[in-house]
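Architecture and fold: a report
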Amino acid sequence: MRQHPTYQAIPAPLRSARCQLVPFSDTFVVSPRLGHVLGRRSPETHEAISVSTFKCHFKTPSPWLLPKPGHRFHLSGTVTEPATATEPEMTYKVAISFDRCKITSVTCGCGNKDIFYCAHVVALSLYRIRKPEQVKLRLPISETLFQMNRDQLQKFVQYLITEHHTEVLPTAQKLADDILSSNSEINQTHGAPDPTAGASIDDENCWHLDEEQVREQVKLFLSQGGYYGSGKQLNSMFAKVREMLRMRDSNGARMLTLITEQFMADPRLSLWRQQGTGMTDKCRQLWDELGALWVCVVLNPHCKLEEKSCWLRQLRKWGDMDVCPLEDGSYGNDDVACGSGNSLTRPRRTVFTRAIEGCDLHWQDSHLQRIISSDFYVSPSYQRDGESLLFNAQGQPLWLEHVPTACARVDALRSHGYPKEALRLTVAIINTLRLQQQRQLEIYKHQKKELLQRGATTITNLEGWVGHPLNPVGCLFLTLTEACRLEEENCLEISDAGDAKPPVYQHVPVATGCQDSGESYLSLALEVALMGMGQQRVMPEGLYAQDKVCRNEEQISARLQELELDAVLVQALRKQCILLLEGGPFSGLGEVIHRESVPMHTFAKYLFSALLPHDADLAYKLALRAMRLPVLETTAPSGDVTHPHHLVSVVPSRYPRWFTLGHLESQQCELASTMLTAAKGDMLRLRTVLEAIQKNIHSSSLIFKLAQDAFKIATPADSNPDTTLLNVALELGLQVMRMTLSTLNWRRREMVRWLVTCATEVGVRALLSILQNWYTLFTPTEATSIVAATVMSHNTILRLSLDYPQREELAGCARTLALQCAMKDPQNCALSALTLCEKDHIAFETAYQIVIDAAATGMTYAQLFTIARYMEHRGYPLRAFKLASLAMTHLNLAYNQDTHPAINDVLWACALSHSLGKNELAAIIPLVVKSVHCATVLSDILRRCTMTAPGLAGIPGRRNSGKLMSTDKAPLRQLLDATISAYINTTHSRLTHISPRHYGEFIEFLSKARETFLLAQDGHLQFAQFIDNLKQIYKGKKKLMMLVRERFG
């Protein structure tokens, strides 16, 4: 918090108003420490008045002071704002009323519409503070008028009207008429008002607060929805309320009431309720702060009963409204959706329920009064030997109350400006928690054997302190650290990046009436934070409640990281960590925890990092135990410890649902990564961390991330790789492969490639291992196309610097893998197997035979055509022909499939057969005739076969005639007949559903058919007869038949 120097030369009336001069370079603003005043606003947001440039001219300043000095007076003046390059000189009339050391009203001609004082009000106040001798003190105007005779009064009134006739003449005439009328209301009242005389001594006095402007500002911010700026502004208004409460300003509760009314009038509440949707997280956090502020207000230790009763009525009225948000962030339907069995019987708890319950609390308990009123309140020495509910064995006072409620008292004391009292109550609460912790340890020692045998426990803390609406842990921690904060000038500096420097703390001894314990408030802050974070607690229901637990954990951890651990704090840290490890079911780090308990990963990550430089063994022991995530484990029946915790990869059906499970798993992963990094080079610790990861982490993507992290740490760019950590990365990668082998994972290919890279870094033995055990890690396709192909690549050979025997061993394993994969999945692996086995004749022949065996049943024509083309490319045309022939047996091309993707393969197969010779062409044509029924494809094949002589491939040992083949002889005669037949069938099929817009296309089709018909000896006769048949059969299609006659006669 900034400490601003108070301007000492403040006259008594204004000095009582708690005004301060706040310096920002050469700029000064007046800062009455109130929420509605300019206050502690940053230089870039407040309206600053630069003394060197902003001159204040006062014309006839006329202050009015009541007869009782220092109680009530009225200050008025004229403020002139000099002209600028763009604005002319402006003059404003300002008036300020004071009543019993409070600014009760302000008026300025600038028309400022804000909840903060305008610059002109501040300027007038500064002038009064700095130059009090130049402002004359006068009696109230009523006293001055009383001293005038009739002539003087008449002259005064007439001059006043003349001076301001355009402004006051209508009002003056109306008042004159009312005074002259005996029955007017003005004549029924004795005396007359005097604005310069102030209020009556019996009137309520309070600081000026423009209620309408507060309403408008809050309404405006709420209407801006989820914008970051609006939420920031509302939080700043909440901070102002807290500041007002701390200064014991009665406007704090007034302002909070105005804010709450606008929050309840927010139209989005009804919309969210009707639609059954939850509000945004930012809105929920604002509502949480609103509820917490009301708890502080109603727990004001010095509020009147009438005030509390009024607040209680208002809170109940708001809480009874249907749109009032619930404490868990839902609108009442979420619990049923989550499957909570007792949701219907549970009482409705709104954001105001805690404040309503707080109205029943009081501060009249004598023991409580003694705790907060003195640092030296101890038990009488003669009572220290026995048990006591009020004091511990050392005589220090205890406060036995529901912990969040007790912490709410502390927050209320802090918020209302009683820091010492809050500190005393905090110490009593911590002493109580210590005593409870000791007794819980004693209970656990008697139950330890039974609980360990059962392997399960119940949770006694059903209401966790972390994520609690009253934030008990954060409240105690802040109360203690504020007492230790070192306020230095450099603490207020802002870094170049714009971030505030972290706070600096010092040890402040605990004030106590007992013997010097050597404790400080700072060590108590660390201790209570560790107690609260380490508490075993059940995961709350609902998304928002669970998200608040995670967010609160991170906030407390961030504050703990601001503490610089010295010897005293390290000792407190070690002591509390040992107690948490031995704490049994009362600790989240105990040996046995409940399946529904909140995980400790975030907390343990802080503890591990903090303890590691001082006690590595304790750090690892604690972090390894915290790796548990029981909700993802299926446990053995109670009492059966022979099969502890079998891992599963999915969350079992359970209630309530864990909405934040993904976040919790990522925190678990971060804890594991932190341990892996710290254990680099230590084989034993790395092995222990690896076992914990394999046992407790159930997400393949997170284990893969850990493997990548370990690999990155193990292979720095500027030094040799760390072999032990590399092996850990490899083992984690192998686990990921096994976990994702039979499940769909979009990152699977990336994982496989990474594993091969990692194994390459480990060495040739690792590569041989994954090749030999491929069936437990990879699919056949992955093993051949990615793993074996990468291992056999030239880059891998160079990277490993292998000699010839090692290369041969690696290649032999890769070929064995390829053949095994081809046997298991020939459709997808045959081609890869052939490629990998090219350099080994026996292996290649084996792979080819696998393809031939699988061709009859297990492979498609596309796969066979692909392998056949590969064979031709490798120089095996006869094998390519055989495979193409097998592919043709699986193909079926209908008459209308003239754009089928297999057409190119068919043409290639026929061209291959034609190039091999007449025998191969004669062998494949029957297959083509049987499989292809598309006339245009058949005619294309026929045309190609008649253009060149067969046998141009030049197979050794064969003689080719070099003559073109005739369509009248085999084998082309069969192909010609099939083509003509296909044209006839296709023609009839097309005429069945032909439309006029396709007539032209049909005529062109018949022209192509005629070309094929003419290849036969009697083709012209066949075609003429075919046309005549069409004319006879389809004579009803007169227009089409006319086109046929025009073209073909």
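The protein goes by Zinc finger SWIM-type containing 5 in an unreviewed UniProt entry, where it is assigned to Terrapene triunguis.

In terms of helices and strands, the protein carries 42 helices and nine strands. By the burial criterion, 48% of the 1049 residues in the protein qualify as buried. Restricting the contact set of the protein to residue pairs at least 6 apart, pairs at least 24 apart contribute 69%. Accessible surface, the protein as shown: approximately 52,500 Å² in total, 53% of it carbon and sulfur.

Before going further, it helps to spend a moment on the pairing of strand 6 (residues 90-99). Residues in a regular strand project their side chains so that they alternate between the two faces of the sheet. Of all the ten residues making up strand 6, seven are buried; the element is thus mostly covered by neighbouring parts of the structure. Relative to strand 7 (residues 103-108), strand 6 runs antiparallel, the two being bridged by five bridges. Bridge pairing in strand 7 places I96 opposite V106.

Right, let's talk about the nonpolar core for a bit. One finds I259, F263, W294, F352, L676 and F778 to be the most contacted residues of the largest nonpolar core, which totals 251 residues. Taken domain by domain, this core gets at least three of its residues from each of domain 1 (211-332 + 348-361) and domain 2 (901-949 + 965-1048). The contacts of F778, once residues within four sequence positions are left out, are M737, L741, R748, V752, L755, I770, A783 and V787. Formed by 18 residues, the second largest nonpolar core is a distinct cluster that contains F73, I103, C108 and V121.

This part covers the packing of aromatic side chains. The final tally for this structure, using the stated rule, is 16 aromatic pairs. Note on F704 and W754: the rings are 5.7 Å apart at their centroids and 90 degrees apart in plane angle, and the pair reads as edge-to-face. Placement of the pair is F704 in helix 25 (residues 700-714) and W754 in helix 27 (residues 748-762), with a sequence separation of 50 residues. Here F704 matches W754 in class, with each residue buried. Residues W774 and Y775 carry aromatic rings whose centres are separated by 6.1 Å and whose planes lie at 80 degrees to one another, so their mutual orientation is edge-to-face. W774 sits in the buried class, given a relative accessible area of 3%.

Right, let's get into the pattern of salt bridges. Within the structure shown, the criterion is met by 40 salt bridges. For D682, the salt bridge goes to R685, with nearest N and O atoms at 3.6 Å. Here D905 makes a salt bridge to R869, at a shortest N to O gap of 3.0 Å. With D905 in helix 36 (residues 903-916) and R869 in helix 34 (residues 861-873), the pair connects residues that are 36 residues apart, well separated along the chain. Several salt bridges converge on common partners, so that one network encompasses R242, E289, D411, R414 and E482.

Our focus in this paragraph is the side chain of T784. Looking at the secondary structure, you find T784 in helix 29 (residues 780-791). On the basis of relative accessible area, T784 is assigned to the buried category, the value being 2%. From its side chain, T784 meets the backbone oxygen of P780 in a polar contact 3.0 Å long.

Because each turn of an α-helix spans 3.6 residues, side chains separated by three or four positions end up pointing in the same direction. Taking 1.5 Å per residue as the helical rise, helix 19 (residues 543-561) with its 19 residues ought to reach 27 Å, and the 27 Å between its terminal C-alpha atoms agrees with that figure. All of the buried residues in helix 19 are Y544, A545, Q546, K548, V549, C550, R551, N552, E553, I556, S557 and L560. On its buried side, helix 19 packs onto helix 10 (281-298), helix 17 (472-482), helix 18 (521-533), helix 21 (601-611) and helix 23 (661-678).

Quick look at empty space enclosed by the protein now. Counted by the stated rule, this structure contains eight cavities of 30 Å³ or more. A volume near 160 Å³ is recorded for the largest cavity. Around the largest cavity, the lining comprises 17 residues; the ones closest to its centre are D375, P397, R424, V427 and A511. Looking at which element gives the most residues to the lining of the largest cavity, the answer is helix 16 (residues 419-454), with five residues. Here the residues of the lining of the largest cavity are counted per class, giving ten nonpolar, five polar and two charged.

With that out of the way, let us pick up the side chain of R354. Tracing the backbone shows R354 in helix 13 (residues 353-358). For R354, a relative accessible area of 14% puts it in the buried group. Here H468 takes part through its side chain, which lies 3.4 Å from a polar atom of the side chain of R354. In contact with R354, other than residues within four places in its own chain, are V295, E327, R349, E463, H468, P469 and L470.

Glancing now at the state of the cysteines. Counting across every chain of the model gives zero disulfides. For C910, which is in no disulfide, the shortest distance to another cysteine sulfur is to C945 and amounts to 6.1 Å.

Right, let's talk about a nonpolar patch on the surface for a bit. Together, F156, V157 and L160 make up a nonpolar patch on the protein surface, roughly 230 Å² of accessible area in all. Take L160: it is sitting in helix 4 (residues 150-163).

Once that is clear, we can look at unusual backbone geometry. Its identity as a non-glycine residue notwithstanding, N471 has a phi of 50 degrees, on the positive side. Along the chain, the position of N471 falls in the loop between helix 16 and helix 17. Although it is not a glycine, S801 sits at a positive phi angle of roughly 55 degrees.

For the rest of this paragraph, the subject is the environment of L526. Secondary-structure assignment places L526 in helix 18. Among the residues examined, L526 registers a relative accessible area of 0% and is labelled buried. Each C-alpha atom of the pair L526 and L569 lies 7.4 Å from the other, and the pair is 43 residues apart in sequence. Residues in contact with L526, not counting those within four places in the same chain, are F477, L560, L563, L565, L569, A572, L573 and Y606.

The predicted coordinates ought not to be read in detail in places where the model reports low pLDDT. In this model, the protein carries an average pLDDT of 82, and 83% of its residues clear a pLDDT of 70 or more. Scored below 50 in pLDDT, residues 332-344 makes 15 contacts in the model with residues more than four places away or belonging to other chains. This model gives residues 635-655 a pLDDT under 50, and the stretch forms 28 contacts once residues within four places in sequence are excluded.

Turning to helix 11 (residues 305-319), a few remarks are in order. Between its first and last C-alpha, helix 11 extends 21 Å over 15 residues, near the 21 Å set by a 1.5 Å rise per residue. Taken residue by residue, helix 11 has K308, W311, L312, L315, W318 and G319 as its buried positions. Buried residues of helix 11, viewed axially, fall in a sector of 130 degrees; they line one side. Among the exposed residues of helix 11, those pointing more than 90 degrees away from its buried face are E306, R313 and K317. Each element contacted by the buried residues of helix 11 is listed here: helix 8 (251-264), helix 10 and helix 13.

Orientation of helix 36 relative to helix 37 (residues 918-931), taken along the N-to-C sense of each, is 155 degrees, at an axis distance of 7 Å. Classed by the angle they form, the pair helix 36 and helix 37 counts as roughly antiparallel. For the pair formed by helix 36 and helix 37, the contact residues are A909, C910, S913, H914 and L916 on the first element and E920, L921, I924 and V928 on the second. By residue class, the composition of the contact of helix 36 with helix 37 is six nonpolar, two polar and one charged.

Thresholds, definitions, all that
Residues numbered from 1 in each chain as written. Predicted model: local features only at pLDDT ≥ 70, side-chain atom pairs only at ≥ 80, totals over all residues. Heavy atoms only, no water. Helix = DSSP H or I, 4+ residues; strand = E, 2+ residues; numbered from the N terminus. Buried < 20%, exposed > 50% of the residue type's maximum accessible area, 1.4 Å probe, protein only. Contact = heavy atoms within 4.5 Å. Areas by Shrake-Rupley, 256 points an atom, 1.4 Å probe, with all protein chains shown as cover. Pairing = 2+ DSSP bridges. Core = buried A, V, L, I, M, F, W, Y, C linked by side-chain atoms within 4.5 Å. Domains from an automatic or database assignment. Phe/Tyr/Trp six-rings, centres within 6.5 Å; stacked < 30°, edge-to-face > 60°. Salt bridge = Lys/Arg side-chain N within 4 Å of Asp/Glu carboxyl O. Polar contact = N/O pair within 3.5 Å; in protein donor to acceptor, adjacent residues only side chain to side chain. Expected span 1.5 Å × (residues − 1). 1 Å grid on protein atoms, 1.4 Å probe; cavity = no way out; pocket = protein on both sides within 12 Å on 5 of 7 lines; lining within 4 Å. Points joined across faces, edges and corners; volume = space filled by probe spheres on them. Nonpolar A, V, L, I, M, F, W, Y, C, P; charged D, E, K, R; others polar. Disulfide = S-S within 2.5 Å. Patch = residues over 30% accessible without salt bridge, like charges linked within 9 Å, V, L, I, M, F, W, Y side chains within 5 Å. pLDDT = per-residue confidence, 0-100. Arc of directions from axis to C-beta. Axes fitted to C-alpha atoms, helices over the stretch in contact; angles between N-to-C directions. Parallel < 35°, antiparallel > 145°, perpendicular 65-115°, else oblique.

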